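Secondary and tertiary structure notes
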Amino acid sequence: MTISQSVAITVGDEKHTVPEGMTVIQAMWHLGDAMVKNVGCLGGACGACAIICRLPGQMLPKTALACQTMVSEGLNIRFLQGDPSKKEIAPLPAETPSRETVFQYYPETRRCVACQACTSACPQGIDVMVGVREAMIGDLALVAERFTTCVMCGFCAAVCESRIRPHRMGLYARRLAGAFYPKPPTQLDMRIAEISSGQFDREWNDVMQAAQNA
Amino acid sequence: MTEFELSKQRVAEGRESRKAAEMPRLSADEKEALLHRYHPDKKKEAYATIRIGPNQGQQTVHEVVRLLEGESPLTSKAPDLNPAHQVDVLIIGGGGAGSSAALMAQAAGAKVLMATKLRLGDSNTVMAEGGMQVAVSPEDSPVRHFVDSLKGGQMANDRTLLKALVSEGPEVAKWLIDMGVLFDREEDGNLSIRSGGGSSLPRLLRCKDYTGLELMRVLKDAVLNEEIQLLEFSPVIEFLTDGEGTCTGAVLKDLDTDKLIVVQAKTVIAATGGIGRLHIQGFPTSNHYGATGDGLAMSYRAGAALTFQDTFQYHPTGSVFPEAMAGLLVTEAIRSVGAQLLNVKGERFIYELETRDAVASAVIRECQEGRGVETPAGRKGVWLDMPLVDVLHGAGTLAEHFPNMVKQFSRYDIDISKDPVLIYPTLHYQNGGVKIDVDSESTLKNLFVAGEASGGIHGRNRLMGNSLLDIVVYGRRAGKAAAKRASEVDFKPLTLSHLDPFQAAKKAAGVVSETVSPILFPDYVNKG
Ligand SMILES: Cc1cc2nc3c(=O)[nH]c(=O)nc-3n(C[C@H](O)[C@H](O)[C@H](O)COP(=O)(O)OP(=O)(O)OC[C@H]3O[C@@H](n4cnc5c(N)ncnc54)[C@H](O)[C@@H]3O)c2cc1C
Ligand code: SF4
Ligand code: SF4
Ligand code: FES
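What you see is a predicted model, and the numbers here were worked out from it, not measured in a lab.

Turning next to the site of ligand 3. Residue and element names in this part refer to chain A. Taken together, Cys112, Val113, Ala114, Cys115, Gln116, Ala117, Cys118, Met129, Val132, Cys160, Ser162 and Ile164 form the complete shell of residues around ligand 3. Breaking the shell around ligand 3 down by element, the ones donating at least two residues are α3 (117–121) and α4 (128–136). Split into classes, the residues belonging to the shell around ligand 3 amount to ten nonpolar, two polar and no charged.

Written out as structure tokens, the structure is:
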């Protein structure tokens, strides 16, 4: 066993000392806080533990997921309290979507001034600005691909001076791209037809009988 | 160089010569012997007899016995049970099963209320990586999917439940796609499929290694679009019954105010997920913060029977180094594309795509018999050689197909395209749970249970990718059936009188319990 060293961290305005080798969430537990409002999956997928943090040598803070970040000497941490941006009630359309479909619910997307703030704010390393520009030219498949790893933490919307909600627009574009995928999954459609026409019924009888006896 | 470093070097040196080597598969007898000797489910000291309730006399692990025999946070005389909400269907849990159920119940015209412990979507579902099994390829069939799952489940699966699962797979995949779930596709538009452990053909639909995130994001968005009434940070702490064997509602606790909220419901769907955070037998876990088996404890006290409550899935490849990552999952899909398992000597010891129970047992064997690698924090593990994937399929394969894995390890300065990682089995899944019928109804009338909280579908071992399918198929079934039932019945009295016979049985059996269940969250807070 290695002897555990301590590191000094700052949470909000309070200074603490915690053992090295912990994630920020584990450090909070160590400090006596259950963090119920800031923890979800503990696996870097849900965005509940979004933080802004800064190391002593750095000028500007960066964003991160606290369950995926190790404490280190001098780390300054602030927890975000949820994503206050509004989700529009945006049903899927009946007709093939275009960029207008997206703009109908997220019209502010057109106001992007290409400042890059959203990209620098994304803890998942998504080039959010490029995603927004792709939506502006109406390439929904590219937007969809761009936001694949989005954990919906809402940092991008929080920092956007043009009041754009890139993640919400991105998720809607993803759903459009999925529901209106240009080529149908032919094999899947065939399988559904086979099942409903009873094609496997005889095989089922045999197998179920054998399985009951097993 | 430390033993750790030396061993890692041996793995790198052996890579070229190992890359094409075949590993023999286990015979049925060998597998049986391996499981018997090393699988945690077979460890007698870890088990105890349940002394009260519907499964009295049967066995499960100490941690679950404590939960089932626990004290209620309420007593039958306690609070006034005036309902703050009256709904047709109360859905408990905001993962994939709960969300699917909510969408179907709402679509059937029911008045729905969803209550969840954390935020909607914070769950095990959101973390699933590998994929969802659906028999779509022309060579494949639902029958074949059934047979594979039955073999994987040690022939113990409930046949009726399993048949419905595999038969509805294609329809459910279509439902998801129509909702906008972006599964990976082939050039020709067909769904791209990958193989998983224990399956005779490739059948895993996936979205890179973010399948659960993709599924959960879309389901959550659909639930919000439908404006389904939602209470977050409001765990259920006890079910209500009419005192005569019918579930009539539930008591929730608002985590902000600690106030109780009484809900009267014609039907209740429990979709509360798994038990990983109970750390059974001291194992680390891959599960989310709220995976504490609440649904099991509450259903049991209200009179619902459990099934296969004694069997758990220890996923063979949980990370053990660095310490902060302990328990975190390394997806099985990485073995599907060729990553090998190696002991301290750099030797392979199991065919990597045996079922999970067998691979986990083999890893435990290596470590128990001194062929494991010790981490600086004192854990034991074996190597998972991920760089081999890039050797086999070309540089960049890991980055393209496993971006999540690459990112998670890079946060700790580990480049998985260059270095192997250390793994050990992690507590991953509850194979059993509340016993249900094919409409997802438990043995307690009007209580439906869906997803990981239920049991029977997977027998004694779930195949990779069958859980994501399970939660959508049975979430939907529960939603439909509960809405239909709600249209046929009236509200019934709200009581906690089922707690009295439970208390009496405890007394008679001499059960003294120090656990209050449901426990809601694991106790990680340092009280120092
Ligand atoms: C890391 C990981 C990877 C996985 N990968 C795969 C995979 O590739 N393929 C596959 O098929 N399966 C996979 N699984 C398994 C699968 O993801 C889960 O079994 C499945 O998603 C469970 O869904 P669920 O809806 O039943 O439960 P969950 O998704 O866990 O949802 C349960 C919900 O109930 C809530 N809850 C709990 N208690 C209460 C309470 N008392 N009151 C109110 N709400 C409560 C929780 O907060 C949560 O919202 C994986 C699991 C993990 C952990
Ligand atoms: S795109 Fe926005 S919401 Fe998504 S992870 Fe990045 S910052 Fe968070
Ligand atoms: S922060 Fe807003 S304006 Fe700036 S690039 Fe991003 S979307 Fe455009
Ligand atoms: S707790 Fe889900 S991302 Fe950290």
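That covers the picture; the talk isn't over yet.
This part covers the site of ligand 1. Residue and element names in this part refer to chain B. Surveying the vicinity of ligand 1 reveals 39 residues, the closest of which are Thr125, Gly130, Glu452, Ser467 and Leu468. Interatomic distance of 2.6 Å between a side-chain N/O atom of Glu452 and an oxygen atom of ligand 1. In the complex, 99% of the free accessible area of ligand 1, which totals 1000 Å², lies under the protein chains. Only α4 (96–107), β16 (421–430) and α14 (466–488) provide two or more residues apiece to the shell around ligand 1. At four residues, the largest contribution of residues to the shell around ligand 1 is made by α14.

We now examine the packing of helix α6 (residues 159–179) of chain B against α14 of chain B. Residue and element names in this part refer to chain B. Relative orientation of the contacting elements α6 and α14 amounts to 90°, with a least axis distance of 8 Å. Viewed along their axes, α6 and α14 adopt a mutual orientation that is roughly perpendicular. Contact residues: Thr160, Leu161, Ala164, Leu165, Glu168, Gly169, Glu171, Val172, Trp175 and Leu176 in α6; Asn466, Leu469, Asp470, Val472, Val473, Tyr474, Arg476 and Arg477 in α14. The residue inventory of the contact of α6 with α14, partitioned by class, reads ten nonpolar, three polar and five charged.

Each partner contributes residues to the interface: chain B has 72 residues there, and chain A has 68 residues. When chain B packs against chain A, close to 5900 Å² is buried across both sides, 60% of that on carbon and sulfur atoms. Our count for the contact surface shared by chain B and chain A stands at six salt bridges. We note a salt bridge from Asp256 of chain B to Lys37 of chain A, for which the minimum N-O separation is 2.5 Å. Breaking the side of chain B that touches chain A down by element, the ones donating at least two residues are α5 (142–152), α6, α7 (211–225) and α13 (403–410) of chain B. When its residues are assigned to classes, the side of chain B that touches chain A shows 38 nonpolar, 14 polar and 20 charged.

Once that is clear, we can look at α6 of chain B. Because an α-helix completes one turn every 3.6 residues, residues spaced three or four positions apart along the sequence face the same direction. Residue and element names in this part refer to chain B. Taking 1.5 Å of rise per residue, the 21 residues of α6 would be expected to cover 30 Å, and the 30 Å separating its terminal C-alpha atoms lies within 8% of that figure. At Gly169, α6 is deflected by roughly 50°, the largest bend along its length, and proline Pro170 occurs up to four residues later in sequence. In terms of residue burial, α6 counts as a mostly covered element, since 16 of its 21 residues are buried. In this structure Asp158 caps α6, since a side-chain oxygen of it lies 3.0 Å from the backbone nitrogen of Thr160. Of the residues flanking the end of α6, it is Gly180, one or two places downstream, whose phi is positive at about 110°.

Below, the discussion takes up the confidence of the model for chain B. Caution is warranted with low-pLDDT regions, since their predicted coordinates should not be read in detail. On average, chain B scores 95 in pLDDT, and the residues at 70 or more come to 99%. The complex model carries a pTM of 0.96, and its ipTM stands at 0.97.

Looking now at the domain arrangement of chain A. Residues and elements named next belong to chain A. Per the domain assignment, the segments of chain A are domain 1 (6–79) and domain 2 (99–180). Inter-centroid distance (C-alpha atoms) of domain 1 to domain 2 is 27 Å. On the side of domain 2, seven residues touch domain 1, which itself brings ten residues to the contact. Here domain 1 meets domain 2 over a buried area of about 570 Å², counting both sides, of which 69% is carbon and sulfur. For the domain 1 face of the interface with domain 2, the top three residues by lost area are Ala50, Thr63 and Leu65, together amounting to 59%. Counting across the interface, domain 1 meets domain 2 through one residue pair in polar contact (both at pLDDT 80 or more). Of all the secondary-structure elements, those providing two or more residues to the side of domain 1 that touches domain 2 are β3 (50–54) and β4 (62–65).

Okay, the sheet that holds strand β17 (residues 433–435) of chain B next. All names here are of chain B. Strand order in this open sheet of three strands is β11-β17-β19, and the pairing throughout is mixed. A strand with exactly one partner marks an edge of an open sheet, and here the two such strands are β11 (306–307) and β19 (454–455). Relative to β17, β11 runs antiparallel, the two sharing two bridges. In the sheet register, Thr307 faces β17, and the bridge partner there is Gly433.

Residue and element names in this part refer to chain A. Read across the sheet, five strands follow the order β2-β1-β5-β3-β4 without closing on themselves; strand pairing throughout is mixed. Looking at which strands have only one partner, the edges of the open sheet turn out to be β2 (14–19) and β4. Here the average twist between neighbouring strands, direction ignored, is 35°.

Conventions used here
Residues numbered from 1 in each chain as written. Chains lettered and ligands numbered in written order. Predicted model: local features only at pLDDT ≥ 70, side-chain atom pairs only at ≥ 80, totals over all residues. Heavy atoms only, no water. Near = heavy atom within 4 Å. Helix = DSSP H or I, 4+ residues; strand = E, 2+ residues; numbered from the N terminus. Nonpolar A, V, L, I, M, F, W, Y, C, P; charged D, E, K, R; others polar. Polar contact = N/O pair within 3.5 Å; in protein donor to acceptor, adjacent residues only side chain to side chain. Areas by Shrake-Rupley, 256 points an atom, 1.4 Å probe, with all protein chains shown as cover. Axes fitted to C-alpha atoms, helices over the stretch in contact; angles between N-to-C directions. Parallel < 35°, antiparallel > 145°, perpendicular 65-115°, else oblique. Contact = heavy atoms within 4.5 Å. Buried area = accessible area lost by both parts, 1.4 Å probe. Salt bridge = Lys/Arg side-chain N within 4 Å of Asp/Glu carboxyl O. Expected span 1.5 Å × (residues − 1). Bend = angle between axes of the 7 residues up to and from the residue. Buried < 20%, exposed > 50% of the residue type's maximum accessible area, 1.4 Å probe, protein only. pLDDT = per-residue confidence, 0-100. Domains from an automatic or database assignment. Pairing = 2+ DSSP bridges.

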